[in-house]
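This is what each chain is made of:
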Amino acid sequence: MAGVDAAVSAQAPAVPARRFPWVVLLIVPILIFLLIFFVIPYVNMVYMSFLVKPAEGAYIKQFTLGNYARALGDPFYWKILRNTFWYSLVTTVITLVLGYPLAYHIARVSRRWRGLLLILLISPLLVSVIVRSFGWMIILGRVGLINQFVKSRGGPELHLMYNAFGIIVGLVHVYLPFMALSIAGSLQNISPDLERAARSLGASPWRAFWRITWPLSLPGVFAGTLLVFVLAVSSYVIPILLGANNVLVMPMIIVQMLLDAFNWPLGSALAMVLFGLTAALLWFYIKLMNRALRWSVR
Amino acid sequence: MASITLRDLTKRFESVVAVNRLSIEIQEGELITLLGPSGCGKTTTLRMIGGFETPNAGEIFFGERPVTWLQPELRNIGIVFQNYALFPHMTVWDNIAFGLEMRRETPAKIRQRVAAILDKVQLSGMERRYSHQLSGGQQQRVALARALVVNPAVLLLDEPLANLDAKLREEMRFYIRHLQREFGITTIYVTHDQAEAMVLADRIVLMKDGRLQQLGSAEDLYRRPHNAWVAEFIGLSNFIPGTVVGRNDGQLSVRTAAGVFACTGEATTGEVVICVRPESLHFGPQHPNRITGVVQERVFLGNLLDYRVEGPDGLRLRVQADPSRQFDPGTSVEVSFAPADAWVVRPSEA
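Residues numbered from 1 in each chain as written. Chains lettered and ligands numbered in written order. Predicted model: local features only at pLDDT ≥ 70, side-chain atom pairs only at ≥ 80, totals over all residues. Heavy atoms only, no water.

Peer 1: When you look at the side chain of Thr91 of chain B in this model, what are you seeing that I'm missing?
Peer 2: Here Thr91 of chain B lies in the loop between β6 (77-80) and α2 (92-102). If near-sequence neighbours (up to four positions away) are discounted, Thr91 of chain B is found in contact with Glu127, Arg128, Arg129 and Tyr130 of chain B. (Helix = DSSP H or I, 4+ residues; strand = E, 2+ residues; numbered from the N terminus. Contact = heavy atoms within 4.5 Å.)

Set out below in C-alpha cells:
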C-alpha cells in the first residue's frame, strides 16, 4: 500500500487541478440498492426491537428494553440459541472434513478435469433448497429408501429425519460446495513445488502436508468455515423441512414470532440477539485467524 | 556425496515419450547440466532423479544404491526450484532448519548448522524475515542454503537462475559454481541457457525430444558436435551440405556446390554437412579451403564485425571477423577456413 500511495503522490503534481473521480459513480447503483433493501430495513428492525407490543395491534411507538429482557432472560431462547450454534458448528466441521479432500483433489487434477469437477460440485446449487430437502425426505423418511432397505433386511426402523440428524445432513449437503470452493481456491495458489521441496528435505507426505500445505491453505479454511457457519446459523428452510418442529432453531423462532405470533418487536429483538451473538463469535474467530495468518501480513 | 547413474531411463506421459532410454554416468563431485530446448525432457529427468516422477523403465543409482523406486524423502537430496519454493509461512531461519528438523537433529545442532550456513551464504541478520521480504537473489541463496544444510548426497537445481535479472544471473552462476566446488557435491543443473551451461558445467548433457544428443564438455559440444542439431543449438554455425568423396590421413574430402573441401569429422561416408563456425571463416586465402563470395550485410558488434556473405549456388555464410579490416556490402571477397575447423556431421533427420 505504501508503494501505491507513493506512486500516486508522485504523479499528483502533474495534474493541474483535482478532478472529480467519476469512476466512483459506478458503485452508486449498488449503494442505492443496498440502502433501500438492506440498510433501511435493518435500521427499521433495530428501531422496532425497542418498541412496545400491545395486546392489540403490532406495536406502539414507545421505548422499552423489555423485548431484550425477554429474549435474553428466557432459558427457552438460550436453549434454542445453543442448538442453533451447535448444529452450525457440527455442520461446519463435517463440511470441512468432507470438503478438504475434495478441494485438494480439485486443486491438484489437470485443468481439463478441474473444470468438470467444479461443474459437478456446483451443480447441486442449480436445484432449489426446497427441492433438495424433499429429496432428502424421500431418502431419510420413515418409509424412505434407507428405511425400506434396512427393514427388508429385518432391521429396526431408523429415525433419520425430523431430528437434528436430518437437519445436519441437509445442511452439510447444501453448504459443502461453499466449503470445498473456498478451500480449493486457496490450495490452487500453493505451488506443488512447496510439497516437493519439503519431501526432498526429508518430510513424509503426511508431514509435508501438515507442515506446509495445511498452514498455507488456512486462508481458504477460514473463509469456508466462516461462510458455512454464517449460512448454517441463518438457515431456515432446511430445519423447517427436515426438522419439522421437533428441532427448533433461532430463524424458525424469529419467523414464528414475526408472522404467527405477530410480535414484531420481540421477533426483531430475537433477530438482533442472534445477529449480535453470531457477530461476537465471528469476531473472536477472526482474531484467532489473524494470529494464525500473521506470516501473510505484508 | 555420490556418483549418479541413469540406466535406460524412460518416462512416458500418455502418448508422449518425455525421456527416451537415457543413460548417463555422473562422477562424484561433478557438476553436469541438463541442457536443451523446452520439452526436451530435462525437467522430467530431474524429477525422476528427485523421486517426484516414477520412470516407466530404467534405473537410477546413487553410488551403488538403487533409488529408482525410493520416496524423495529417503533419497537424501537437496533441490532448488525455479521459483525457489521457499515456505512462505516460515522465516528464513525456519526454512533452513526444516530439513534438519525432519532429520530429528538436536536443537543445539540445528542452531549451529543453520547459523553456519547463513554465514556461508551471507544472509546473517536476515533470519527473522519472511521470503516476501527478500530480494530475488536473497531468496535464491536461502533456497541454496536450505538444500545444502542437510548435507545431501546429490544437489538438483531446476533452472534456479531463470527468475533473476541478467546481471545478478551472471554473478549467481559463479557463486553456485563456487559453492558446489566448496561442498564438493554431485550436482545436476537443468537449464535451457547454453551460456549458463557452459560457465557452470564440468560436462553438459544435451537433450532433444527426450533423447541424449551429446554428452561432453562445453568444448566438445562446440568443436566436435555429434550432429547438425547440436552444432546449431550450441553457438552459431554455417552449414555447407556435401558428399564425402575421399579420405586420407584422418582428413575427409567433401564435394559441395562451392568446391571440394578438406575437413575433419566423425561422419565418413555419404551425405554430410560441414559445420564451420563464423569465427573460423577468415577473409583472404591463407587456408586451403576457399570460397569466393559477395558481402551482403555488415553489422558492428563491438568486439567484432558480423558479415553475411553470399557464395556460389546461393550459399549464405556468416563470417565474424575482427574490426581491423572492413569490407563494404557489395565487395567481392575470398574467405577461407582450415580443415581442422571444418567439422563434418550427418545431416539432421527431417
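Peer 1: Whenever I open this one, the pattern of salt bridges confuses me. Can you help?
Peer 2: Between side chains of opposite charge, a pair can form when the charged atoms approach closely. Residues and elements named next belong to chain B. A full pass over the atoms with the stated rule returns 21 salt bridges over all chains. A salt bridge links Arg21 to Asp8; the shortest N-O distance between them is 3.6 Å. Taken together, the residues span a long stretch of sequence, with Arg21 in strand β2 (residues 16-26) and Asp8 in strand β1 (residues 4-13) at a distance of 13 residues. Among the salt bridges present, the one from Glu105 reaches Lys109, with a minimum N-O distance of 3.6 Å. (Salt bridge = Lys/Arg side-chain N within 4 Å of Asp/Glu carboxyl O.)

Peer 1: What should I look at first to understand the interface of chain A and chain B in this one?
Peer 2: Listed as interface residues are 21 residues of chain A and, on the opposing side, 25 residues of chain B. Contact between chain A and chain B buries roughly 2,300 Å² in total, counting both sides, with carbon and sulfur atoms accounting for 61%. Of all residues in chain A, Leu201, Arg211 and Trp295 of chain A bury the most surface against chain B, accounting for 30% of the area lost on that side. At the boundary of chain A with chain B, the tally comes to two salt bridges. (Buried area = accessible area lost by both parts, 1.4 Å probe.)

Peer 1: What is the right way to read the environment of Ala145 of chain B from this model?
Peer 2: Residues and elements named next belong to chain B. Structurally, Ala145 is set in helix α4 (residues 136-148). Considered as a pair, Ala145 and Leu134 are eleven residues apart in the sequence and their alpha carbons are 14 Å apart. In contact with Ala145, other than residues within four places in its own chain, are Ile96, Ile117 and Val121.

Peer 1: Teacher, can you tell me more about unusual backbone geometry here?
Peer 2: Trans is the common state for peptide bonds, and a negative phi is the common state for residues other than glycine. Although it is not a glycine, Tyr162 of chain A sits at a positive phi angle of roughly 60°. Within the fold, Tyr162 of chain A resides in the loop between α7 (145-152) and α8 (164-188). Residue classification places Tyr162 of chain A among the partly exposed positions, given a relative accessible area of 37%. A positive phi angle is found at Ala85 of chain B, which is not glycine, with a value near 50°. Classification of Ala85 of chain B as buried rests on a relative accessible area of 5%. (Buried < 20%, exposed > 50% of the residue type's maximum accessible area, 1.4 Å probe, protein only.)

These figures come from the coordinates and say nothing about function on their own.
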